[in-house]
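Residues per chain are reported as follows:
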Amino acid sequence: MRPIIGITCKIEGEKDWLYLPQSYAKAIEAAGGMPLLLPYPEDADRISQLIQLVDGLLLSGGVDLDPSYFGEQPHPALGEISPQRDAVELALAREALQADLPVFAICRGVQLLNVAAGGTLVQDIPSQIAKAIKHSQKAPEWHPTHRVRLEKDSLLAKALGAEEVAVNSYHHQAVKSPAPGFRITAVAPDGVAEGLESGGHTFVLGVQWHPEGMWQKDSQSLKLFKSFVDACR
Ligand code: MN
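This text gives an overview of the structure that appears in the document. As the structure is a prediction and not an experimental result, all values here were calculated from the model.

So, on to the sheet that holds strand E1 (residues 4-7). Strand order in the open sheet formed by 9 strands is E4-E1-E5-E6-E13-E12-E11-E8-E9, and the pairing between neighbours is mixed. Taken across any chain shown, the strands that pair with only one partner, and hence form the sheet edges, are strand E4 (34-37) and strand E9 (164-167). Strand after strand, the sheet turns through a mean of 25° between neighbouring axes, direction not considered. In this sheet, strand E5 (residues 56-59) lies alongside E1 in parallel orientation, the contact comprising 3 bridges. Residue pairing in the sheet places Ile-7 in a bridge with Leu-58 of E5. Where helix H3 (residues 83-98) meets the sheet, it contacts E5, strand E6 (103-106), strand E11 (182-187) and strand E13 (204-207), and its direction lies at approximately 145° from that of E5.

Following this line, the structure appears as structure tokens:
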């Protein structure tokens, strides 16, 4: 039996459509897992039941997080936020951390994971980070546009078998202060945090880039999904 990987969705439009780029689900399948797209129940018991149902949690990308969750007022460059996603995904992440369920977090996901555990975010890289490089690339998502240095002895460095990788980049927010018990394990050339992991859990890892957009052309990206799915067995 393949481990069941619950994946959070995007919520958009007048009818609150739930949707997900298939690349996330296909990457989990290619890595040996069984993807399962998660709904957005408002009740805490149902959120808890979802966490019991899955063998791992994949927090997907999407819109900005409401900065009130880390004690800040909205910066003028804050983008769209989704109160429904924030509330349910923060609860899912906290339940998963409490249960030591493997978590893999991508883009918005790593920001959410950090805030769920008590960390803070940069609300807008171009206006808040001096000499920042371009993190909102205008290129196909399989094309890496900036480099990332990985911490030795990190889950990331082990999973990727490298100390430096080239990644795609579609974000204007990033982890600022890592949550207690977490450390930044990947950094862009301008110092922006690109990877985060917990020292107190079996496999809780997030990346700021989009490996689900790269794995079909870049075998190294698939290794990240394989490490995650293996941790879920
Ligand atoms: Mn980036």
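Here we take up helix H7 (residues 219-232). Look at H7: 20 Å from first C-alpha to last across 14 residues, which is about the 20 Å you get at 1.5 Å a residue. Those residues of H7 not exposed but buried are Ser-221, Leu-222, Leu-224, Phe-225, Phe-228, Val-229 and Cys-232. All buried residues of H7 project into a common sector of 145° when viewed along the axis, lining one side. As for H7, its buried residues are in contact with E1, helix H1 (22-30), E5, E6, helix H6 (155-160) and E13.

This part is about empty space enclosed by the protein. Taken as a whole, this structure holds 1 cavity of 30 Å³ or more when the rule is applied. The calculated volume of the largest cavity comes to roughly 60 Å³. What lines the largest cavity is Leu-160, Val-165, Ala-166, Val-167, Trp-209, Met-214, Asp-218, Gln-220, Ser-221 and Leu-224. Listing elements by their share of the lining of the largest cavity, those giving two or more residues are E9 and H7. For the lining of the largest cavity, the per-class residue count stands at 7 nonpolar, 2 polar and 1 charged.

Definitions and limits used
- Residues numbered from 1 in each chain as written.
- Predicted model: local features only at pLDDT ≥ 70, side-chain atom pairs only at ≥ 80, totals over all residues.
- Heavy atoms only, no water.
- Pairing = 2+ DSSP bridges.
- Helix = DSSP H or I, 4+ residues; strand = E, 2+ residues; numbered from the N terminus.
- Axes fitted to C-alpha atoms, helices over the stretch in contact; angles between N-to-C directions.
- Contact = heavy atoms within 4.5 Å.
- Expected span 1.5 Å × (residues − 1).
- Buried < 20%, exposed > 50% of the residue type's maximum accessible area, 1.4 Å probe, protein only.
- Arc of directions from axis to C-beta.
- 1 Å grid on protein atoms, 1.4 Å probe; cavity = no way out; pocket = protein on both sides within 12 Å on 5 of 7 lines; lining within 4 Å.
- Points joined across faces, edges and corners; volume = space filled by probe spheres on them.
- Nonpolar A, V, L, I, M, F, W, Y, C, P; charged D, E, K, R; others polar.

Any functional reading would require information that these geometric values do not contain.
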